[in-house]
Amino acid sequence: MGSISWNACTSPACIFIAVFLILSNMPCEAQLSPTFYDYTCPTALSTIRKAVRTAVSRERRMAASLIRLHFHDCFVQGCDASILLDDSSSIQSEKNAPNNLNSVRGYEVIDNIKLKVESMCPGVVSCADIVAVAARDSSVAVSGPTWEVKLGRRDSTTSGLSQAATNLPGFTDSLNKLITLFSSKGLTARDMVALSGSHTIGQARCLTFRDRIYTNGTDIDAGFATTRRRRCPIQNGNGDANLAPLELVTPNSFDNNYFKNLIQKKGLLQSDQVLFSGGSTDAIVNEYSKSSKTFRSDFASAMVKMGDIEPLTGSAGVIRKFCNVIN
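Residues numbered from 1 in each chain as written. Predicted model: local features only at pLDDT ≥ 70, side-chain atom pairs only at ≥ 80, totals over all residues. Heavy atoms only, no water.

(A) Main features of the overall build of the protein chain. When its secondary structure is counted, the protein chain shows 14 helices and 2 strands. Expressed as lengths along the three principal axes of its C-alpha atoms, the size of the protein chain is roughly 85 × 45 × 35 Å. Counting only residues that meet the buried cut, the protein chain has 48% of its 327 residues in that class. In the protein chain, the proportion of contacts linking residues at least 24 apart, taken out of those at least 6 apart, comes to 75%. Just so you have it, the protein chain exposes about 15500 Å², and 54% of that area is on carbon and sulfur atoms. Here the protein chain carries 34 positive and 29 negative side-chain charges, and the mean point of each set is 6 Å from the other. (Helix = DSSP H or I, 4+ residues; strand = E, 2+ residues; numbered from the N terminus. Buried < 20%, exposed > 50% of the residue type's maximum accessible area, 1.4 Å probe, protein only. Contact = heavy atoms within 4.5 Å. Areas by Shrake-Rupley, 256 points an atom, 1.4 Å probe, with all protein chains shown as cover. Lys, Arg positive; Asp, Glu negative; His and termini not counted. Charge placed at Lys NZ, Arg CZ, Asp CG, Glu CD.)

Structural data, given as structure tokens:
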């Protein structure tokens, strides 16, 4: 057969074939969209919002826990709800990772929301999207910023326990290590400082700040250290689970006092204080301490960027019926 001369072919049939060939060779990638459930489950967002408000009204700390849950999900194999999976014959749960075990909370809130949404729209709304929306609604519930959550993530069928050991920041990490880790997820140093500002709410366990309040020398306010020692004994294993607010002044409100505390050397975790300790992020901390508006805007933008980390879309992944097990 003779070959077709495409340069000379201008008929509608030739044009159609040419366009088809071009499109068929383009990568097909579904995009996240804020309107993803507008027609398939229009009551999903209002249902999530109501459930989050109820949970936070019962326990104010839950707002910080749900924001942190989203963060810990996205940093391990992307925003795919892998952190919600329980141990099974095929799953080694991320819940057992060192930075998650006895630390990450809010699983039962997400499970409860999933039951409500599933009863209205079976097999439509992913657990990954519920986690993302719940984080936004938690911020709003404690007077924090809001942002438009892009939707359409799907749920993983695998867990990333081994990744969780290396991909999640530690409470003793250096500034350079934090910057490198966040950069590996497509987040800038400014994004990192803004996201760290979520520590304006929530609490930490004694075992995560014991070394800082007893051995951190000149990098901690002496009076602050003394106050924190009252409920955090020096002996390992004694009072490890005792809680202290991450932000001393207004621990239940989303504001910029966290950054003001850092300037005064009153960061509870070492990984907090390194953000203002003579390094490259000092100027950002100083800026946020002076402008709550700038911090809130940057935090919202950083949360959107974090929600874009390696989502499963299109035909990838599944929509789990129950968030803690694979279908």
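(B) A look at the state of the cysteines. This model, assessed by the stated rule, comprises 4 disulfides. A sulfur-sulfur distance of 2.0 Å marks the disulfide that ties cysteine 74 to cysteine 79. On the sign convention where negative means left-handed, the S-S torsion of about 115 degrees between cysteine 74 and cysteine 79 marks this disulfide as right-handed. By the burial criterion, cysteine 74 is buried, and cysteine 79 matches it. (Disulfide = S-S within 2.5 Å.)

(C) Region of interest: the layout of surface pockets. Quantified by volume, the largest pocket comes out at close to 860 Å³. Of the residues in the lining of the largest pocket, the class split is 20 nonpolar, 13 polar and 5 charged. (1 Å grid on protein atoms, 1.4 Å probe; cavity = no way out; pocket = protein on both sides within 12 Å on 5 of 7 lines; lining within 4 Å. Points joined across faces, edges and corners; volume = space filled by probe spheres on them. Nonpolar A, V, L, I, M, F, W, Y, C, P; charged D, E, K, R; others polar.)

(D) Summary view of the confidence of the model for the protein chain. Summing up the model confidence of the protein chain, the mean pLDDT is 92 and the portion of residues at 70 or higher is 91%. pLDDT under 50 marks residues 14-29. Its contacts with residues more than four places away, or in other chains, come to 4 contacts. (pLDDT = per-residue confidence, 0-100.)

(E) Fine view of the pattern of salt bridges. For the structure on display, the rule yields 11 salt bridges. Two residues, aspartate 86 and lysine 95, come together in a salt bridge whose shortest N-O distance is 2.5 Å. With a relative accessible area of 28%, aspartate 86 lands in the partly exposed category. The exposure class assigned to lysine 95 is buried, which follows from its relative accessible area of 17%. As a salt-bridge pair, lysine 114 and glutamate 118 come within 2.9 Å of each other at their nearest N and O atoms. Separated by 4 residues within a single helix, lysine 114 and glutamate 118 lie in helix 4 (residues 107-120), roughly one turn from each other. Overall, the relative accessible area of 2% leaves lysine 114 in the buried class. On the accessibility criterion, glutamate 118 (13% relative accessible area) is buried. (Salt bridge = Lys/Arg side-chain N within 4 Å of Asp/Glu carboxyl O.)

(F) Spotlight on helix 10 (residues 222-229). Where helix 10 is concerned, the buried positions are Phe224, Ala225 and Arg228. Down the axis of helix 10, the buried side of the element spans an arc of 100 degrees, and every buried residue falls inside it. As for helix 10, its buried residues are in contact with helix 9 (206-215) and strand 2 (243-245). A side-chain oxygen of the first residue of helix 10 lies 3.2 Å from the backbone nitrogen of glycine 223; this N-cap is aspartate 221. (Arc of directions from axis to C-beta. Polar contact = N/O pair within 3.5 Å; in protein donor to acceptor, adjacent residues only side chain to side chain.)

(G) Geometry of the packing of aromatic side chains. Applying the stated criterion across every chain yields a total of 12 aromatic pairs. These aromatic residues form a ring-pair network of at least three members: Trp147, Phe254, Tyr258, Phe259, Tyr288, Phe295 and Phe299. Sitting over the face of the ring of tyrosine 107, lysine 95 holds its NZ or CZ atom 4.3 Å from the ring centroid. (Phe/Tyr/Trp six-rings, centres within 6.5 Å; stacked < 30°, edge-to-face > 60°. Lys NZ or Arg CZ within 6 Å of the ring centre and 35° of its normal.)

(H) Region of the structure containing empty space enclosed by the protein. A full pass over the atoms with the stated rule returns 2 cavities of 30 Å³ or more. Every residue along the wall of the largest cavity is listed here: His70, Ala132, Trp147, Glu148, Val149, Lys150, Arg153, Met303, Val304, Gly307 and Asp308. Grouping the constituent residues of the lining of the largest cavity by class yields 5 nonpolar, 2 polar and 4 charged. Here the second largest cavity is characterised by a volume of approximately 30 Å³. Elements with a minimum of two residues in the lining of the second largest cavity: helix 2 (44-58) and helix 5 (127-141).

(I) How the structure looks around the packing of helix 2 against helix 4. The interhelical angle for the contact between helix 2 and helix 4, taken along N-to-C directions, is 150 degrees, at an axis separation of 10 Å. In terms of orientation, helix 2 and helix 4 fall into the roughly antiparallel class. Viewed along their axes, helix 2 and helix 4 form a crossing whose handedness is right-handed. In contact with Thr47, Ile48, Ala51, Val52 and Ala55 of helix 2, helix 4 contributes Val109, Ile113, Lys116, Val117 and Met120. (Axes fitted to C-alpha atoms, helices over the stretch in contact; angles between N-to-C directions. Parallel < 35°, antiparallel > 145°, perpendicular 65-115°, else oblique. Left-handed = near helix turned anticlockwise from the far one by under 90°.)

(J) Seen up close, the side chain of threonine 200. For threonine 200, the position within the fold is in the loop between helix 8 (189-196) and strand 1 (203-205). The exposure class of threonine 200 is buried, given its relative accessible area of 0%. In terms of polar contacts, threonine 200 uses its side chain to reach the side chain of aspartate 255, at 3.0 Å.

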